[in-house]
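# Working through the structure, step by step
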Amino acid sequence: MTDPTTLDAGAHIALTERYAAHNYHPLPVVLSHGEGAWVTDVAGQRYLDCLAGYSALNFGHGHPRLLARAHAQLDRLTLTSRAFLNDQLGPFAESLCRLTGKDMVLPMNTGAEAVETAIKVARKWGYRVKGVPEDTASIVVMEGNFHGRTTTIVSFSDDKVARDEYGPYTPGFRTITYGDAEALRAAVDDSTVAVLLEPVQGEGGVVIPPEGYLREVRAICDQAGALMVADEIQSGLARTGRTFACDHEGVVPDVYVLGKALGGGLYPVSAIATDRAVLDVISPGSHGSTFGGNPLAAAIGHEVVAMLEEGTFQAEAARLGALLEDGLRPLVGHGLDAIRVRGLWAGLDVSPGGPTGRELCERLLARGILAKDTHGSTIRLAPPLVVTDAEVGMLVEAVAASIG
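Reference entry: report on the structure contained in this document.

Rules and cut-offs
Residues numbered from 1 in each chain as written. Predicted model: local features only at pLDDT ≥ 70, side-chain atom pairs only at ≥ 80, totals over all residues. Heavy atoms only, no water. Helix = DSSP H or I, 4+ residues; strand = E, 2+ residues; numbered from the N terminus. Rg over C-alpha atoms; globule rule 2.2 N^0.38 Å. Buried < 20%, exposed > 50% of the residue type's maximum accessible area, 1.4 Å probe, protein only. Contact = heavy atoms within 4.5 Å. Areas by Shrake-Rupley, 256 points an atom, 1.4 Å probe, with all protein chains shown as cover. Lys, Arg positive; Asp, Glu negative; His and termini not counted. Charge placed at Lys NZ, Arg CZ, Asp CG, Glu CD. Pairing = 2+ DSSP bridges. Phe/Tyr/Trp six-rings, centres within 6.5 Å; stacked < 30°, edge-to-face > 60°. Lys NZ or Arg CZ within 6 Å of the ring centre and 35° of its normal. Axes fitted to C-alpha atoms, helices over the stretch in contact; angles between N-to-C directions. Parallel < 35°, antiparallel > 145°, perpendicular 65-115°, else oblique. Left-handed = near helix turned anticlockwise from the far one by under 90°. Nonpolar A, V, L, I, M, F, W, Y, C, P; charged D, E, K, R; others polar.

## Some points on the overall build of the chain
- Helix and strand counts for the chain come out as 13 helices and 15 strands.
- The C-alpha radius of gyration computed for the chain amounts to 21 Å, which stays within 12% of the reference 22 Å derived for 404 residues, consistent with globular compactness.
- Structurally, the chain occupies a C-alpha span of about 60 × 55 × 45 Å along its principal axes.
- The burial tally for the chain puts 52% of its 404 residues in the buried class.
- Long-range pairs, those at least 24 residues apart, make up 71% of the contacts in the chain with a sequence separation of at least 6.
- Accessible surface, the chain as shown: approximately 17,400 Å² in total, 54% of it carbon and sulfur.
- Counting 33 positive and 49 negative side-chain charges, the chain places the centres of these two groups 3 Å from one another.

Written as structure tokens, this is what we have:
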């Protein structure tokens, strides 16, 4: 058996390339340790993690409170079938309902599973409650969306890499322009059971809709008798400076779709949260998951909710995000075409003639910063919410030097 601690970076890369499917194209860095906002590679080089697991690591690597809760639960009980009850699920579900203001939650594991759950619940609600004829329900989705990579989800993706050659595709979705309220108004009809959207499109490059758009979506859904389903997997749980990105417009969706940071960077935990009138359409055996709602997941999720209820992470994301935006703004017109910042989350569009997004990430890597590109000329920045002012300054300096 190969001992990972005896291998250098080259050997790790070779093993991964040889034995793991090539469904990712990672930067050439092999990480072995993480603490707070920092990670260390196998050679001992430290990097500021400015991707944070696509917001899964909002609380940083190895947050002491989360580790303590996980260790305690590991010693007690990690998994039971949902054929039985466990002593962690009820308290977790209650706390998540309190955080979201909803009546009930349905726990799953990954974000994509939570999105699939929301789609299934919306369709069943449409047939049972709204009265849409069986097999005719439609869900309105947005161009530039990213909700996962299951067969159903890629069916309504316009990302060719994620979608091509996975057909035949699942019907029942109508795609419209993100941020265009009139397009949404024209798309909904009597068959529409839900509108599914990200309040901020993360994979799209931290795309923020026009002010008032989410309020328009809420009103259109109310008028059409359709569910507003907000995918807050990346944008939620303090990333944007509020508990949920929808909070920036004072909007409460019918269904929250949650994941990533809900597991504290330790364990996959996801859920949908909605009201009893919606979730009561689910009956025993009609949906489930072996690991969904397991004791370890519930214990970690419960601690995450407790930390969020204090409000400190939301406030820090807002404050540090303003600091980040102040630092990046002068770079527009000097290597960057545009920046979009919502809380401690930024999308940077590199000017034509400059480095590609991948090249910029490689330059940042050489300066001790980890970031991720998207759509060719855009990179995303999402440091853990435990970064310091000085570390934000370090990030800005590295970006400025790298685009020069």
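Don't stop here, the text continues.
## Section: the pairing of strand β8 (residues 227-231)
- When you tally the buried positions in β8, you get five out of five residues, the bulk of the element.
- Burial along β8 is two-sided: L227, V229 and D231 and M228 and A230, pointing in opposite directions, are all buried.
- Where strand β7 (residues 192-197) meets β8, four bridges bridge the pair, whose relative direction is parallel. Its bridge partner lying in β8, V195 is registered against M228.
- One ladder, built from three bridges, connects β8 with strand β9 (residues 255-258); its direction is parallel. Following the sheet pairing, V229 is matched in β9 by V255.

## Describing the packing of aromatic side chains
- What the rule picks out here adds up to four aromatic pairs.
- Between the aromatic rings of F59 and F313, the centroid separation amounts to 4.9 Å while the plane-to-plane angle is 85°, which identifies the pairing as edge-to-face. Of this pair, F59 sits in the loop between β3 (46-49) and α2 (64-74) while F313 is found in helix α11 (residues 312-328), placing the two residues 254 residues apart along the sequence. Here F59 matches F313 in class, with each residue buried.
- Sitting above the plane of the W38 ring, R46 keeps its charged end 4.4 Å from the centroid.

## Things to note about the packing of α2 against helix α10 (residues 295-309)
- Here α2 crosses α10 at 155°, and the two axes come no closer than 9 Å. Here α10 runs roughly antiparallel to α2, going by the angle between their axes. When you trace α2 past α10, the crossing you get is right-handed. Contacts from R65, L66, R69, A70, Q73 and L74 in α2 reach P295, L296, A299, I300, H302, E303, V304, A306 and M307 in α10.
- Classifying every residue of the contact of α2 with α10 by side-chain character gives 10 nonpolar, two polar and three charged.

## Things to note about the side chain of T80
- Note on placement: T80 falls in the loop between α2 and α3 (89-100).
- Residue classification places T80 among the buried residues on the basis of a relative accessible area of 18%.
- Every residue in contact with T80, bar those within four places of it in the chain, is listed here: N86, T290 and P295.

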